[in-house]
Amino acid sequence: MTPANTTGPDGTVLVYGQPDSGHVLSVYADLRCPYCKRLENGLGAVLEQTADQGRLTLNLHFATFIDDMAGGSGSLHALAALGAAADEGGRAFMHYLRVLYADQPPESDDAFADPQTLLRLAGEVPGLRGPEFDRKVTEGVHLPWAQRVSAAFETSGVQSTPTVLYDGRPITVLNPMGYAVTPEAFLSELTPADGG
């Protein structure tokens with residue numbers, strides 16, 4: 001079963017924004033990755049707004065390698081829950097993504113493996129919780145899809161998270177200290193490919 005708002009082979013890429021924007025911003029991330037949390041905290045709203053303005057389409061690719069490195073299955077379960085949110089609509093999964101990163105447990109804590117944790121956090125997104133969403137999270141309906149997403153990341157050639165590509169060109173989203181660049185710095189990186 002593949003969630004709504006996906007694209008690519010086997011629906012392994014979550015999509016947000018107008019598909020005809022002319023530009024694609026590809027974000028590679030792991031839901032347990034602390035640097036990905038910094039990216040989302042600093043630039044998540046800017047990414048969403050830029051897509052809403054029709055300047056680009058967001059393609060979100062997810063890894064689960066922190067499950068292997070730190071132990072557990074939280075990245076995989078959180079990704080499956082994100083798939084359930086995608087079934088509820090693009091804005092729902094974007095806001096759930098923000099909540100998951102805002103409440104991200106330490107890498108050594110596998111809290112995201114607990115469906116009750118994922119449901120509690122989903123309660124912070126207006127209109128997301130409901131019988132169908134809750135069932136999908138509790139029963140792990142999208143876990144097979146999440147495994148396909150993870151496998152697609154492993155063959156993508158991307159070595160680390162977060163990695164962000166604008167029309168295939170790597171752009172800087174974290175400064176040398178490992179925190180998100182300013183929205184102004186991020187937006188300035190989108191202009192060369194626009195031709196101005």
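Our subject is the structure listed above.
Calculation criteria
Residues numbered from 1 in each chain as written. Predicted model: local features only at pLDDT ≥ 70, side-chain atom pairs only at ≥ 80, totals over all residues. Heavy atoms only, no water. 1 Å grid on protein atoms, 1.4 Å probe; cavity = no way out; pocket = protein on both sides within 12 Å on 5 of 7 lines; lining within 4 Å. Points joined across faces, edges and corners; volume = space filled by probe spheres on them. Helix = DSSP H or I, 4+ residues; strand = E, 2+ residues; numbered from the N terminus. Nonpolar A, V, L, I, M, F, W, Y, C, P; charged D, E, K, R; others polar.

(A) The arrangement of empty space enclosed by the protein in detail. For the coordinates displayed, the defined rule picks out two cavities of 30 Å³ or more. Here the largest cavity is characterised by a volume of approximately 110 Å³. Lining the largest cavity we find 14 residues, and of these Val-27, Glu-40, Leu-60, Leu-97 and Tyr-101 sit closest to its centre. Counting residues per element, the ones that place at least two in the lining of the largest cavity are strand S3 (24-30), helix H1 (34-52), strand S4 (57-63) and helix H4 (90-102). Broken down by element, the residue count for the lining of the largest cavity peaks at five residues, all from H1. Residues that form the lining of the largest cavity fall into these classes: eleven nonpolar, two polar and one charged. Each pocket or cavity is described by its volume, and for the second largest cavity that value is around 40 Å³. If you trace the second largest cavity, you find it lined by His-77, Ala-80, Ala-81, Pro-115, Leu-118, Lys-136, Val-137, Gly-140 and Leu-143. Looking at the lining of the second largest cavity, the elements that each hand over two or more residues are helix H3 (74-88), helix H5 (115-122) and helix H6 (131-139). Of the residues forming the lining of the second largest cavity, the biggest block, three residues, is contributed by H3.

Nothing here speaks to function; it is all geometry.
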